[in-house]
Amino acid sequence: MMNESHLVVNDGIYPAMITPYRPDRSIDLEAVRELVNWYGQMGCNGIFAACTSSEVSFLSLAEREKLVRTVVETAPPQMDVVACGHVADDFDEQIQELKVMAACGVKAVVIQLNRLVSPSESDDLLCKRLEQLVARLPDDIYLGIYESPVPYKRFATDELLRFCVESGRFIFMKDTSCRISVMKRRLEIMKGSPMKLFNANSATFYESIALGAAGFCGVMGNFHPHWYRAILDLHGRGRFKEAMHLQDLVGIASVAQNQQYPMNAKYYLKLLGLPIQSCFCRNREHEALDESTIKEIESGQRVSQYLESLYIPEKQWAAV
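Residues numbered from 1 in each chain as written. Predicted model: local features only at pLDDT ≥ 70, side-chain atom pairs only at ≥ 80, totals over all residues. Heavy atoms only, no water.

Caption draft 1: Region of the structure containing the overall build of the protein. For the protein, the count of helices and strands is 11 helices and 8 strands. For the protein, whose C-alpha radius of gyration is 19 Å, the value lies close to the compact-globule estimate of 20 Å for 320 residues. Its C-alpha atoms give the protein principal-axis dimensions of about 50 × 50 × 40 Å. Going through the 320 residues of the protein one by one, you find that 56% of them count as buried. In the protein, once contacts between residues fewer than 6 apart in sequence are set aside, the share between residues at least 24 apart is 74%. (Helix = DSSP H or I, 4+ residues; strand = E, 2+ residues; numbered from the N terminus. Rg over C-alpha atoms; globule rule 2.2 N^0.38 Å. Buried < 20%, exposed > 50% of the residue type's maximum accessible area, 1.4 Å probe, protein only. Contact = heavy atoms within 4.5 Å.)

See below:
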């Protein structure tokens, strides 16, 4: 059985981690280590690895395992790592994939709801499949759920969330509803349980924190995760007006996620000095950053530096 005293994940910022590649298009594990270290320096409290941003559907199981093991081995003890990593269509294969992820030493293995049923299948069947999957996984594996947008977005129903809470097995949820009314209802269902909600949406981030969400888990964690951390810290110190000013900035900046992501994130990180050798992405194999997008990323990076000097004159946290 699970140790109840450890049945919790950190509150805070969990970037949806990208996968750096070498010029030969193999995974650059040294860049992975540098990226994990950078997340820590930016005040992140955890990492969501082997997720959609990681191009998980385009990585072999051996690559997923090596990637997640490297993240777990590099992250400091105070930083929680959760990972998805199941992409198979076959139910038995998915169970094996999740077991491999768990064996990497992650705090929780995160289940993509859209992998359990097709778009035309019912919510009742989704709940049944999730119950079957949980029953097939060892009871010492902590679990999470993820409303991944790829290959299609499947939302968690209230009934499914109640099952997760009542099972006692779930400690993490990446919410992609982007709707405060939905998050408010979900937080009420999770209340009093170890299950925590992490908002993936930048525009609603601060409002969700005020309602009790545990933190942020989204793609913009690859651009300026320390802005989100600063919002959390300002809110915690009662500096609500300043937190709202910074929320306005992250809301505006988040439009970047719609521009050739995750290639643009890799280019942005390269501008920051991280050893990103290539902006290549397997899920955009035949694409390259266009000149306009490059100029926009460069402008955004310069503006971000200026805004940080105004709104975050000094880091208000200790690097984990």
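Resuming the write-up.
Caption draft 2: Inspection of the side chain of serine 254 at higher detail. Among the secondary structure elements, serine 254 is positioned in the loop between helix H9 (240-253) and helix H10 (263-271). In this structure serine 254 comes out as buried when scored by relative accessible area, which is 11%. In terms of polar contacts, serine 254 uses its side chain to reach the backbone carbonyl oxygen of glycine 251, at 2.7 Å. If sequence neighbours within four positions are ignored, serine 254 has contacts with Ser202 and Met220. (Polar contact = N/O pair within 3.5 Å; in protein donor to acceptor, adjacent residues only side chain to side chain.)

Caption draft 3: Quick look at the sheet that holds strand S4 (residues 108-112). As summarised here, the arrangement of the 8 strands in space is S1-S8-S7-S6-S5-S4-S3-S2, forming an open sheet in which the pairing is parallel. A strand with exactly one partner marks an edge of an open sheet, and here the two such strands are strand S1 (12-13) and strand S2 (46-49). With 4 bridges connecting them, strand S6 (residues 170-175) and strand S7 (residues 196-199) associate as parallel partners. Bridging from a neighbouring strand, lysine 174 pairs with phenylalanine 198 of S7. (Pairing = 2+ DSSP bridges.)

Caption draft 4: Focus on the environment of serine 57. With respect to the helices, strands and loops of the structure, serine 57 is situated in the loop between S2 and helix H2 (61-74). Counting along the chain gives 31 residues from serine 57 to alanine 88, while the straight-line C-alpha distance between them is 8.6 Å. Apart from residues no more than four positions distant in its own chain, serine 57 is found in contact with Val87 and Arg115. A polar contact of 3.0 Å, which involves the side chain of serine 57, links it to the side chain of arginine 115.

Caption draft 5: Geometry of the side chain of arginine 115. With respect to the element layout, arginine 115 can be found in the loop between S4 and helix H4 (123-136). Although buried, arginine 115 forms no salt bridge, and the nearest oppositely charged side chain, aspartate 89, lies 4.1 Å from it. In this structure arginine 115 touches Ser57, His86, Val87, Ala88, Asp89, Gln94 and Pro151, once residues within four positions along its chain are discounted. (Lys, Arg positive; Asp, Glu negative; His and termini not counted. Salt bridge = Lys/Arg side-chain N within 4 Å of Asp/Glu carboxyl O.)

Caption draft 6: Layout of the nonpolar core. Formed by 95 residues in total, the largest nonpolar core has its most connected members in Leu130, Ile145, Leu160 and Phe170. Every residue in contact with isoleucine 145, bar those within four places of it in the chain, is listed here: Val110, Ile111, Leu113, Ala156, Leu160, Leu161, Cys164, Phe170, Phe172, Met173, Lys174 and Met195. In terms of nonpolar packing, the next biggest core, distinct from the first, is built from 16 residues, Val9, Cys51, Val82 and Cys217 among them. (Core = buried A, V, L, I, M, F, W, Y, C linked by side-chain atoms within 4.5 Å.)

Caption draft 7: Looking closely at the environment of leucine 126. Among the structural elements, leucine 126 can be located in helix H4. Along the chain, leucine 126 and leucine 116 lie 10 residues apart, while their C-alpha atoms are 6.3 Å from each other. Sequence-distant contacts of leucine 126, that is, excluding residues within four places in its chain, are made with Leu113, Leu116, Val117, Arg154, Phe155 and Leu160.

Caption draft 8: Examining the environment of glutamine 277 more closely. Mapped onto the fold, glutamine 277 is located in the loop between H10 and helix H11 (291-311). Overall, glutamine 277 belongs to the partly exposed group, its relative accessible area being 44%. As a C-alpha pair, glutamine 277 and valine 72 span 205 residues in sequence and 22 Å in three-dimensional space. If we skip the residues at most four places from it in the chain, glutamine 277 touches Tyr21, Arg22, Pro23, Asp28 and Lys270. Only 2.8 Å separates the side chain of glutamine 277 from the side chain of aspartate 28, close enough to count as a polar contact.

Caption draft 9: Focus on the pairing of strand S5 (residues 143-146). The alternating pattern of S5 places Leu143 and Ile145 and Gly144 and Tyr146 on opposite faces, both of which are buried. Between the parallel elements S4 and S5, the chain passes through H4 in a crossover that is right-handed. Direction of pairing for S5 relative to S6: parallel, over a ladder of 4 bridges. Within the sheet, the bridge partner assigned to glycine 144 lies in S6 and is phenylalanine 172. Viewed along the sheet, the connection from S5 through helix H5 (residues 158-167) into S6 turns out right-handed. (Right-handed = clockwise from strand over helix to strand, strands pointing away.)

Caption draft 10: The packing of H10 against H11, seen in detail. Following both chains from N to C, one finds H10 and H11 inclined at 50 degrees, their axes separated by 10 Å at the closest point. One element, H10, and the other, H11, form an angle in the oblique class. H10 and H11 meet at a crossing whose hand is right-handed. Each of Asn264, Tyr267, Tyr268 and Leu271 in H10 lies in contact with H11, whose residues at this interface are Ile294, Ile297, Glu298, Gly300, Gln301 and Ser304. Within the contact of H10 with H11, the residues separate by chemical class into 5 nonpolar, 4 polar and 1 charged. (Axes fitted to C-alpha atoms, helices over the stretch in contact; angles between N-to-C directions. Parallel < 35°, antiparallel > 145°, perpendicular 65-115°, else oblique. Left-handed = near helix turned anticlockwise from the far one by under 90°. Nonpolar A, V, L, I, M, F, W, Y, C, P; charged D, E, K, R; others polar.)

Function-wise, these values are silent; they only describe arrangement.
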